[in-house]
Amino acid sequence: LETGEVSVLNECDTGGGKDSIRGRARVVDAKTNARLEVRFDNWFSVFIPSQPQGNYWILYLGDDYRTVIVGTPDRENLWIMARTPVIDETRYTELVGIARGLGFDTGKLIRRQQQ
């Protein structure tokens, strides 16, 4: 976008369909580009335009840019994502270990197989 923001599209296979939400992200740490504020476009943003922005931190990025760990600074939210629908078991276990080492409760992770 011309404002320096990045367009965001989050999609999740719910088992009975697909949920998605769009938003905009703005880099808040230009030195690393690893800390973003994200504002999602949802129905109540029309009524509450000053809704708080989510803080999403890129905590780990694979050398090949194929996998990433994203979390919030309060360690309440964690995502392990890949550019492919499936992460092989060995790699997934490694990523969970990295997240655990960063202080996240990985027992709360929900693993979804994407199509």
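Nothing here was measured: the structure is a model prediction, and the numbers come from that model. Along each chain, residue indices are assigned from 1 in the same order as the chain's sequence is written. For this predicted model, a pLDDT threshold of at least 70 governs which residues receive local features, and a threshold of 80 or more governs which side-chain atom pairs are given and counted, while totals over whole chains, interfaces and linings are taken from all residues. Neither water nor hydrogens contribute to the side-chain values; these are computed over all heavy atoms in the structure.

A. The environment of Y65, seen in detail. Helix and strand assignments follow DSSP, with helices taken as H or I runs no shorter than four residues and strands as E runs no shorter than two, numbered in order from the N terminus. Of note, Y65 is situated in the loop between β4 (54-61) and β5 (67-71). Placed 17 residues apart in sequence, Y65 and A82 show a C-alpha to C-alpha distance of 8.5 Å.

B. The arrangement of unusual backbone geometry in detail. Phi is positive for N33, which is not a glycine, with a value near 60°. Mapped onto the secondary structure, N33 falls in the loop between β2 (18-27) and β3 (35-41). Even without being a glycine, Y65 presents a positive backbone phi close to 60°.

C. Quick look at the side chain of E37. By the element assignment, E37 lies in strand β3. Contacts described as polar in this section are N or O atom pairs within 3.5 Å, which, within protein, must combine one atom able to donate a hydrogen with one able to accept it, while residues neighboring in sequence count only if both atoms come from side chains. In this structure the side chain of E37 is engaged in a polar contact, spanning 2.5 Å, whose partner is the side chain of R26.

D. The arrangement of the nonpolar core in detail. Core analysis: the biggest nonpolar cluster contains 9 residues, these being I69, L78, I80, I87, Y92, L95, V96, A99 and F104. For this core, the elements supplying multiple residues, two or more each, are β6 (78-82) and α1 (89-101). For this core, the element with the most residues is α1, which contributes 4 residues. Nine residue types can take part in a nonpolar core, namely buried Ala, Val, Leu, Ile, Met, Phe, Trp, Tyr and Cys, and a core is a set of them joined through side-chain atoms within 4.5 Å. Per-residue accessibility, obtained with a 1.4 Å probe over protein chains only, is compared with the maximum for each type, and a residue is labelled buried under 20%, exposed over 50%, and partly exposed between these values. Formed by 8 residues, the second largest nonpolar core is a distinct cluster that contains L36, F40, V68 and V70.

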